[in-house]
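The lines below spell out each chain.
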Amino acid sequence: MRITVPAQLTAGLDTVDAVLAARERGPEAGLALIGPGLAAAVAARCAERFLAGMAEAAAVLLADAGRPAQAVRALAAATAWRAGHPRSVPERGAVEGLPDRARALLGPARYTREESAGTALTPAELAAELTGS
């Protein structure tokens with residue numbers, strides 16, 4: 001008997017792997033995993049709200065890696081993909097403070113530009129940005 005694993009489960013495990021790798025070896029190690037994981041989730045046609053959680057994890061990793069502009073774009077993309085659906089308590093906790101930290105580093109004008117650019121990103125475009133493809 002064969003069991004087919006749901007794409008959301010695989011994507012969720014990819015996200016957990018990326019977060020754990022970041023904790024063990026630094027944010028760049030996590031980013032090396034979350035980009036391909038997001039690309040696989042996009043290819044598997046996971047729901048955008050699910051992809052938003054992956055993008056938020058990427059945003060945190062990008063911020064921790066000292067890449068605030070990319071972090072703002074990823075967080076803005078995730079917010080747009082949620083289409084008004086609120087973040088869960090753990091998701092809110094994960095991104096708490098990220099906008100304020102990024103705004104302090106980038107300044108209000110650049111923050112607004114990066115946020116605007118992020119809201120226009122599709123899941124495939126963000127995956128490509130994260131994987132460098």
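In the block above lies the structure referred to throughout.
Summary of the structure given here. Given the structure is predicted, the values throughout are model-derived calculations rather than measurements. (Residues numbered from 1 in each chain as written. Predicted model: local features only at pLDDT ≥ 70, side-chain atom pairs only at ≥ 80, totals over all residues. Heavy atoms only, no water.)

## Remarks on the nonpolar core
Okay, so step 1: With 30 residues, the main nonpolar core has I34, L38, L51, M54, W81, L126 and L130 as its most contacted residues.
Okay, so step 2: Of all the secondary structure elements, the ones that give two or more residues to this core are α1 (7–25), α2 (27–43), α3 (48–64), α4 (68–82) and α8 (123–131).
Okay, so step 3: For this core, the element with the most residues is α3, which contributes ten residues.
Okay, so step 4: The residues touching L126, leaving out its near neighbours within four places in the chain, are L38, A55, A74, W81 and L121.
Okay, so step 5: Residues A69, V72, A102 and L106 belong to the second largest nonpolar core, which totals five residues. (Core = buried A, V, L, I, M, F, W, Y, C linked by side-chain atoms within 4.5 Å. Buried < 20%, exposed > 50% of the residue type's maximum accessible area, 1.4 Å probe, protein only. Helix = DSSP H or I, 4+ residues; strand = E, 2+ residues; numbered from the N terminus. Contact = heavy atoms within 4.5 Å.)

## Details of the pattern of salt bridges
As a working rule, side chains carrying opposite charge can pair if their charged atoms are close by.
Okay, so step 1: Throughout the structure, instances matching the rule amount to nine salt bridges.
Okay, so step 2: The partner of R87 in a salt bridge is E56, and the shortest N-O contact between them spans 2.5 Å. A residue pair is termed long-range when its members are at least 10 positions apart, and R87 in the loop between α4 and α5 (89–95) and E56 in helix α3 qualify at 31 residues.
Okay, so step 3: Owing to a relative accessible area of 19%, R87 belongs among the buried residues under this scheme.
Okay, so step 4: Among the salt bridges present, the one from R110 reaches E114, with a minimum N-O distance of 3.2 Å. With R110 and E114 both in helix α7 (residues 108–119) and four residues apart, this pair spans about one turn of that helix.
Okay, so step 5: Among the charged side chains, a salt-bridge network with shared partners connects E56, R82, R87 and E91. (Salt bridge = Lys/Arg side-chain N within 4 Å of Asp/Glu carboxyl O.)

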